[in-house]
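Listed below, chain by chain, are the residues.
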Amino acid sequence: MKQIIIAFALCGAPAMAEDLSQFGTTNPDEMTWQRFIERAEEGETGMVLCSMGYPLTKSGNHAAARFLLENCARAGYTAAMTWMGQLDNNGLGGDYDPEAAAEWDRRAAELGDSVGKFNYGISLMRGHGVQQDEERGRQLVGEAAQDGLHIARRLADADYDLDVITPDADNWRYAPLF
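Model, not experiment: these values are computed from the prediction.

**Topic: unusual backbone geometry**
Although it is not a glycine, D159 adopts a positive phi angle of roughly 55°. Looking at where D159 falls in the secondary structure, it is placed in the segment after α10 (150–157). Judged by its relative accessible area of 55%, D159 falls in the exposed class. Although it is not a glycine, Y160 sits at a positive phi angle of roughly 60°. Note on placement: Y160 falls in the segment after α10.

Below you can see the structure in the form of C-alpha cells.
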C-alpha cells in the first residue's frame, strides 16, 4: 500500500507545480466574511449579502457588521436600517448615538417595516434620541401590533407599559434626552 501512495504522490507533483494563473481564479474566495466585506466595499448589496450583517454582529465583529449593514440600509433594506439602529443604540462598532438609532428606525418605519415602527414608537414614547411624543409612539407600536409583530402586541396588551419589554433597571438609560 505504501508503494501505491508514494507513486500517486510522485505522479501528482508535476501537476501541482503547474502555473494555473492562465485559467483565472480557479477556486474563488466566495463564502468567507472577508469576501462578503469585499463585496460590500465594491458597493454591492443584495438580500444574501445584507443578511450577513446579522451573524457578523452576533459574532462580535461589529465594525464589519456596521460597514455592511450601513451599505444595505442606504440602499433601502429596512431590516438593515433597524440593525443600524440597534448598533447605534448600543455603541457597537461605533459611538453610542441614540439620535442616529432613532433616525434609522424612523426611516424603516416610514417604509412600512414593523420592527422600525415598533422601535421608533418606543423611542418616541421614551423621548430617547428624539423629541418625546407618547401619542405618536403608541400609534406606531399599535400599527406594528396590527402588522403581527408579537412584541408590539405584548406591549399594546399591557397598555403600553414599557416595563413589560425592558426591565425597570434600564430606566436610567431611557430617560428623555430632549
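**Notes on the environment of I122**
Here I122 shows up in helix α8 (residues 114–126). Remark: the alpha-carbon pair of I122 and L162, spanning 40 residues in sequence, is separated by 8.1 Å. Aside from chain neighbours lying at most four places away, what touches I122 is V141, L155, L162 and I165.

**Here we look at the side chain of T57**
Structurally, T57 can be placed in helix α4 (residues 53–58). Judged by relative accessible area, which is 5%, T57 ranks as buried. Those residues in contact with T57, other than ones at most four positions away along the chain, are H62, A65, L69, W83, Q86 and L87.

**With respect to the pattern of salt bridges**
Counted according to the given criterion, the structure contains 10 salt bridges. Residue E44 pairs with R39 through a salt bridge whose shortest N-O separation is 2.6 Å. Take R39: its relative accessible area is 19%, and that puts it in the buried class. Between R106 and E110 there is a salt bridge, and its shortest N-O distance comes to 2.6 Å. Remark: E110 and R106 occur in helix α7 (residues 98–110); sequence separation between them is four residues, near one turn of the helix. Residue classification places R106 among the partly exposed positions, given a relative accessible area of 21%. Residue classification places E110 among the exposed positions, given a relative accessible area of 60%. Each of R35, E38 and E42 takes part in salt bridges that share partners, so that together they form one network.

Cut-offs applied
Residues numbered from 1 in each chain as written. Predicted model: local features only at pLDDT ≥ 70, side-chain atom pairs only at ≥ 80, totals over all residues. Heavy atoms only, no water. Helix = DSSP H or I, 4+ residues; strand = E, 2+ residues; numbered from the N terminus. Buried < 20%, exposed > 50% of the residue type's maximum accessible area, 1.4 Å probe, protein only. Contact = heavy atoms within 4.5 Å. Salt bridge = Lys/Arg side-chain N within 4 Å of Asp/Glu carboxyl O.

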